[in-house]
Amino acid sequence: MVERLLMIAIYALSSLIVVLLIWVILRELFNRLKKSESEFQSQLIRDLLKRWLNDSAIERKKTLEKLREMDSPAYLEPIFFEVFYLLSKEERNDLKILFELLGMQERMRKILKESPKVSEREEAVLKMGRVGTIEDLPFLLDVFRDREEHPRVKQCCIEAIYELSEPLLKDSRAGANLGLLAQLLEVPNVELREHLASILASLPVPVEDMIPHLLRLESDAAKEGVLSVMEIWGRPELAPILRDYTDDLNPVVRRKAVSLLGKTKDDMSLMIFFRHLDDPDVSVRMQSIEALSHIKKNVVGQQLIKKVDDPDISIQAKIFWTLMLQNYDDAFPLLIKKLAAKTFRNEFFVQLSHEKRQYLDNFFQFLGIDHRIFFRRFGWGEFDRLCDAFMATAKESQDPELRRRAMQALSLWQLLPGEREQAERLLREISKNDPDEKCREFATNLTKNMAKNVTEETPEKSEKAS
């Protein structure tokens with residue numbers, strides 16, 4: 001009985017194994033058949049896509065119908081892009097028409113609106129950038145402006161918009177799409193913005209017709225783009241519009257607006273430049289000083305000299321440089337005293353290296369140094385030897401006015417004990433031997449003043465010591 005049951009079990013197990021083997025074989029055959037059918041269908045779609053490129057208008061309609069019958073847009077899409085990437089640029093532009101006709105454009109838009117997966121939305125945006133049309137630009141702009149959209153998707157929008165807008169920037173449709181071009185300035189892509197600014201500024205459209213489109217833009221990137229357009233135009237009559245941008249919350253916009261106003265040399269903007277000397281952003285303050293440096297008015301010097309103790313040392317250096325260029329003599333004693341500090345001196349001479357060489361003579365003249373003597377005796381970069389430079393100029397310069405200036409600088413400089421003795425000896429020598437009477441008299445008075453100052457300091461020091 002047991003043997004009989006064992007045989008039955010063995011037969012049953014063998015039958016099961018045979019059934020399983022047959023099922024595996026049939027499944028494999030079915031999968032291969034299905035794969036073969038899928039490959040055949042995929043190849044058929046590839047052939048239809050390529051044929052469509054060479055078909056006549058009537059034949060294209062038939063090919064399009066066949067493609068639509070093959071499967072859904074979701075199935076056609078990967079095969080479409082596989083073929084698309086293998087084509088030449090001209091063939092790609094021709095095939096792009098099918099992107100919309102086969103429903104793939106609508107599918108991409110649906111994914112962007114409904115898909116909860118960020119990666120899917122990213123991929124959809126990038127595909128639209130590669131295969132979409134100019135008509136997709138407003139849609140992508142809306143996605144980019146969506147405050148709830150993921151930053152990664154927005155970054156993809158920037159890339160896609162740049163790709164789609166390239167043809168628009170190159171053909172005759174630019175003028176007809178003025179409003180759309182202006183909106184594209186909102187995309188924070190520097191290369192695109194500068195290209196757009198160049199195109200907009202060169203369009204044969206009256207400025208007064210273009211201004212309303214530009215003034216509607218409110219994002220920081222767009223405002224920078226608008227100012228770039230105005231910079232290319234270079235029209236002084238736009239100064240009132242530029243003034244409005246100087247109060248923007250974005251310091252980059254304020255700085256650029258102040259810079260452009262400075263180039264217009266508009267006297268009506270003087271108070272704006274003065275106000276921005278107290279701007280919280282260093283770069284805006286710096287640009288305001290630059291704008292004021294081109295306005296030769298006494299009131300400019302009066303306002304700038306009030307700001308020489310700005311908390312930023314680079315601003316201090318820029319202010320003194322501007323006052324020097326305007327030959328504002330009241331700044332001279334303050335500058336000499338400031339130059340005694342090494343930190344300020346280094347920053348001030350860095351400013352000198354940034355400026356044009358044509359101002360070199362003005363700089364040394366204002367400072368009280370004969371630049372020929374300086375470069376011959378000390379050389380460029382030896383600005384820690386200013387005291388020696390003042391002495392050399394006072395003694396050797398052929399310009400009597402420059403000699404007096406150097407002596408005045410010496411009297412203001414914070415002299416060390418050894419330097420003071422050397423300066424006093426030099427002044428006594430000049431008071432006796434200088435060929436210019438005014439120089440001799442000037443040296444005599446300075447010698448007396450220095451001696452008087454030493455006398456006043458001595459009791460003070462004795463009193464402190466006791």
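Predicted model, so just to flag it, every value in this text is computed and none were measured. (Residues numbered from 1 in each chain as written. Predicted model: local features only at pLDDT ≥ 70, side-chain atom pairs only at ≥ 80, totals over all residues. Heavy atoms only, no water.)

Caption draft 1: Looking closely at the packing of aromatic side chains. In total, this model carries 19 aromatic pairs according to the counting rule given. Between phenylalanine 364 and phenylalanine 375, the ring centres sit 5.6 Å apart and the planes meet at 75°, which makes this aromatic pair edge-to-face. Of this pair, phenylalanine 364 sits in helix α21 (residues 360-367) while phenylalanine 375 sits in helix α22 (residues 371-377); the two residues are eleven residues apart in sequence, bridging distant segments of the chain. Assessed through its relative accessible area of 1%, phenylalanine 364 is described here as buried. You can call phenylalanine 375 partly exposed: its relative accessible area is 27%. The rings of Phe320, Trp321, Phe344, Phe348, Phe349, Phe363, Phe364, Phe374 and Phe375 are connected pair by pair, giving a single aromatic cluster. Just above the ring of tryptophan 52 sits the side chain of arginine 60; from NZ or CZ to the centre is 3.8 Å. We note arginine 109 situated over the ring of phenylalanine 139; from NZ or CZ to the ring centre the distance is 4.8 Å. (Phe/Tyr/Trp six-rings, centres within 6.5 Å; stacked < 30°, edge-to-face > 60°. Helix = DSSP H or I, 4+ residues; strand = E, 2+ residues; numbered from the N terminus. Buried < 20%, exposed > 50% of the residue type's maximum accessible area, 1.4 Å probe, protein only. Lys NZ or Arg CZ within 6 Å of the ring centre and 35° of its normal.)

Caption draft 2: Representation of helix α4 (residues 89-101). Every buried residue of α4 is listed here: Leu95, Lys96, Leu98 and Phe99. Backbone geometry just after α4 places glycine 103 at a positive phi near 85°.

Caption draft 3: Seen up close, the confidence of the model for the chain. Per-residue pLDDT for the chain has a mean of 85; in total, 91% of the residues score no lower than 70. Predicted confidence for residues 457-466 stays below pLDDT 50, and this span has one contact to residues more than four positions away or in other chains. (pLDDT = per-residue confidence, 0-100. Contact = heavy atoms within 4.5 Å.)

Caption draft 4: Molecular detail of the side chain of asparagine 189. Inspection of the secondary structure puts asparagine 189 in the loop between α9 (178-184) and α10 (190-202). A distance of 3.1 Å separates a polar side-chain atom of asparagine 189 from the backbone nitrogen of glutamate 191. Setting aside anything within four residues of it in sequence, one finds asparagine 189 in contact with Ile158 and Tyr162. (Polar contact = N/O pair within 3.5 Å; in protein donor to acceptor, adjacent residues only side chain to side chain.)

Caption draft 5: Examining the nonpolar core more closely. By size, the foremost hydrophobic cluster in this structure holds 137 residues, and its most contacted members are Leu49, Phe80, Leu95, Trp233 and Phe348. In this structure, phenylalanine 348 is in contact with Ala317, Phe320, Trp321, Leu335, Leu339 and Phe363, ignoring residues within four places of it in sequence. (Core = buried A, V, L, I, M, F, W, Y, C linked by side-chain atoms within 4.5 Å.)

Caption draft 6: Geometry of the packing of helix α3 (residues 73-84) against helix α5 (residues 104-114). For the pair α3 and α5, interaxial distance at closest approach is 10 Å and the crossing angle is 105°. Considering the angle they form, α3 stands roughly perpendicular to α5. Between α3 and α5, the contacting residues are Pro73, Ala74, Leu76, Glu77 and Phe80 on the first element and Met104, Arg107 and Met108 on the second. A per-class count over the contact of α3 with α5 returns six nonpolar, no polar and two charged. (Axes fitted to C-alpha atoms, helices over the stretch in contact; angles between N-to-C directions. Parallel < 35°, antiparallel > 145°, perpendicular 65-115°, else oblique. Nonpolar A, V, L, I, M, F, W, Y, C, P; charged D, E, K, R; others polar.)

Caption draft 7: Looking closely at the pattern of salt bridges. Summed over all chains, the structure comprises 27 salt bridges. Of the charged contacts in the structure, one is a salt bridge between arginine 145 and aspartate 142, with a shortest N-O distance of 3.7 Å. Taken together, the positions of arginine 145 and aspartate 142, both in helix α7 (residues 137-145) and three residues apart, correspond to about one turn of that helix. Residue classification places aspartate 142 among the partly exposed positions, given a relative accessible area of 47%. Between lysine 338 and aspartate 309 there is a salt bridge, with its nearest N and O atoms 3.2 Å apart. Highlighted residues: lysine 338 in helix α19 (residues 331-339) and aspartate 309 in the loop between α17 (298-304) and α18 (313-325), separated in sequence by 29 residues. (Salt bridge = Lys/Arg side-chain N within 4 Å of Asp/Glu carboxyl O.)

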